[in-house]
Amino acid sequence: MFSEKAKKNADACRFCYMCRHLCPVELVTGKENNTPRAKGLQVSMLERGMKMDRGCAVTMYECLLCGACTADCVTGFDPLVFIREGRTQAVLEDLVPDFAKKVIDRLEATGNPYGATQAKVDLTGVPQAGETLVWLGNAARYAVPDVAQALLSILKKAGVAFAVLPDEPASGCELGDMIGHVEDVRAQAKRAAQAIAAAGAKKVVVLDSHDCAFFLHECKDWGIELPEVVTATAFVAELIDSGRIVPRKVDEVVSYHDAARLARDLGETDAPRAILAAMGAQLHELYLNEKDNKNPANKACGSFVRARECGSSIMGQMRPDLAKGLCENRYTDLLRTDSRILVSADPQAAEALRLSVPEGCETRDLFVMLSERL
Ligand code: SF4
Ligand code: SF4
């Protein structure tokens, strides 16, 4: 049923409350069920003979897999291990809630959570093969194409020779988030790797941090071979650093939203801030971001690793009500600062932060902002 690793983590979390205050989902719903502890308790009860029911399955899907709990855990436990396996169990027992089943069906039929068949990004004149391949991901291809378009425009202005796959397959990341890391997900990841290899890529510049973390972590663990993989933010920061692009500076105050997988899973907090600084922005850090607290030993005492997630494409499709609440909560963090401009550097964050922008506030994507300053 559950792996030894999942059981060990669930047994540790089931009576622990230490990270409950950081769970963005629980902070929207106020429901005990949504804490990492409650999920751990349910998994440990399943292991002790309780039967999974629909309510338990719903609990497993009311989670962003954002890793705030894991990052805050001073004892090193990881609720994501048993939450993912809880989803696999829900699939095996045919208990997946309708709101999640709809998204799984779309991912299996079209490779994206929207069920879209036609990407919205204009790739006219963009080569389909080459040594530097830009991997856009589903959110940028279907929901926020302006973010993809902005990145491509920046690369053109920098004189980078790049290619984009017109029929970019699913990475496997989103299906893995929905059903756990099972064989079907590995098969999707292998197809993605084959498409990347067929394009002749030696470097993949990945725009969506969910895909990037999946390529660098899960695919690596599974022995799926990929060329060098870098985030779009790190790649663009390097273009600025080397003088290949010089942004126009504007003196304004902004705050930056650390997307969970970019900041926590990939540890990338400096590159987006460097890009903002190159544009002349004064950065006012959001609640729970302590600029100078980068000592890993201090990670439970306030740092970027505690950044509150604002939602995800999958949550937007599964539970628009919850996604709206997550978005609204992130703006309450903005309103604690002197800034009214919230910048993100990830297409899924851009999509989530556009759901409900309070009056007087503004959200911007980092790449869109930069492309307008070149
Ligand atoms: S992740 Fe750590 S802090 Fe959170 S409930 Fe589990 S053991 Fe406690
Ligand atoms: S991964 Fe995020 S949303 Fe899920 S239980 Fe942990 S803190 Fe909550």
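Residues numbered from 1 in each chain as written. Chains lettered and ligands numbered in written order. Predicted model: local features only at pLDDT ≥ 70, side-chain atom pairs only at ≥ 80, totals over all residues.

Caption draft 1: Here's a closer look at the sheet that holds strand β4 (residues 228-231). Strands sit in the order β2-β1-β3-β4 across an open sheet of four strands; the sheet is parallel. Looking at which strands have only one partner, the edges of the open sheet turn out to be β2 (163-164) and β4. By the bridge criterion, two bridges tie strand β1 (residues 132-135) to β2 in an arrangement that is parallel. Its bridge partner being in β2, leucine 133 is matched across the sheet by alanine 163. Contacts between helix α12 (residues 209-221) and the sheet are confined to β1, β3 (203-206) and β4, with β4 contributing the most and set at about 150 degrees to the helix. Packing against the sheet, helix α13 (residues 232-241) makes contact with β3 and β4, and its axis sits at approximately 80 degrees to β4. (Pairing = 2+ DSSP bridges. Helix = DSSP H or I, 4+ residues; strand = E, 2+ residues; numbered from the N terminus. Contact = placed C-beta atoms within 7 Å. Axes fitted to C-alpha atoms, helices over the stretch in contact; angles between N-to-C directions.)

Caption draft 2: Representation of the pairing of strand β8 (residues 362-365) in the model. The two faces of β8 differ: Thr363 and Asp365 on one face are buried, but Glu362 and Arg364 on the other face are not. With four bridges joining them, strand β7 (residues 341-344) and β8 adopt parallel strand pairing. Bridging from a neighbouring strand, valine 343 pairs with arginine 364 of β8. The parallel pair β7 and β8, bridged by helix α18 (residues 347-353), forms a crossover whose chirality is right-handed. (Buried ≥ 20, exposed ≤ 12 C-beta atoms within 10 Å, placed from the backbone. Right-handed = clockwise from strand over helix to strand, strands pointing away.)

Caption draft 3: Expanded view of the site of ligand 2. Not every one of the 14 residues close to ligand 2 is listed here, only the nearest: Cys23, Cys63, Cys66, Ala68 and Cys69. Broken down by secondary-structure element, the contributors of at least two residues to the shell around ligand 2 are α2 (24-29), α5 (68-72) and α6 (79-92). Of the residues belonging to the shell around ligand 2, the class tally is 13 nonpolar, one polar and no charged. (Near = placed C-beta within 6 Å. Nonpolar A, V, L, I, M, F, W, Y, C, P; charged D, E, K, R; others polar.)

Caption draft 4: Looking closely at the domain arrangement of the protein. Assigned domains of the protein: these are domain 1 (4-96), domain 2 (132-240) and domain 3 (246-371). For domain 1 and domain 3, the distance between their C-alpha centroids amounts to 26 Å. At the junction of the two partners, domain 1 supplies 14 residues and domain 3 supplies 16 residues. Among the secondary structure elements, those contributing two or more residues to the side of domain 1 that touches domain 3 are α2 and α5. Among the residues forming the side of domain 1 that touches domain 3, the class breakdown is eleven nonpolar, one polar and two charged. (Domains from an automatic or database assignment.)

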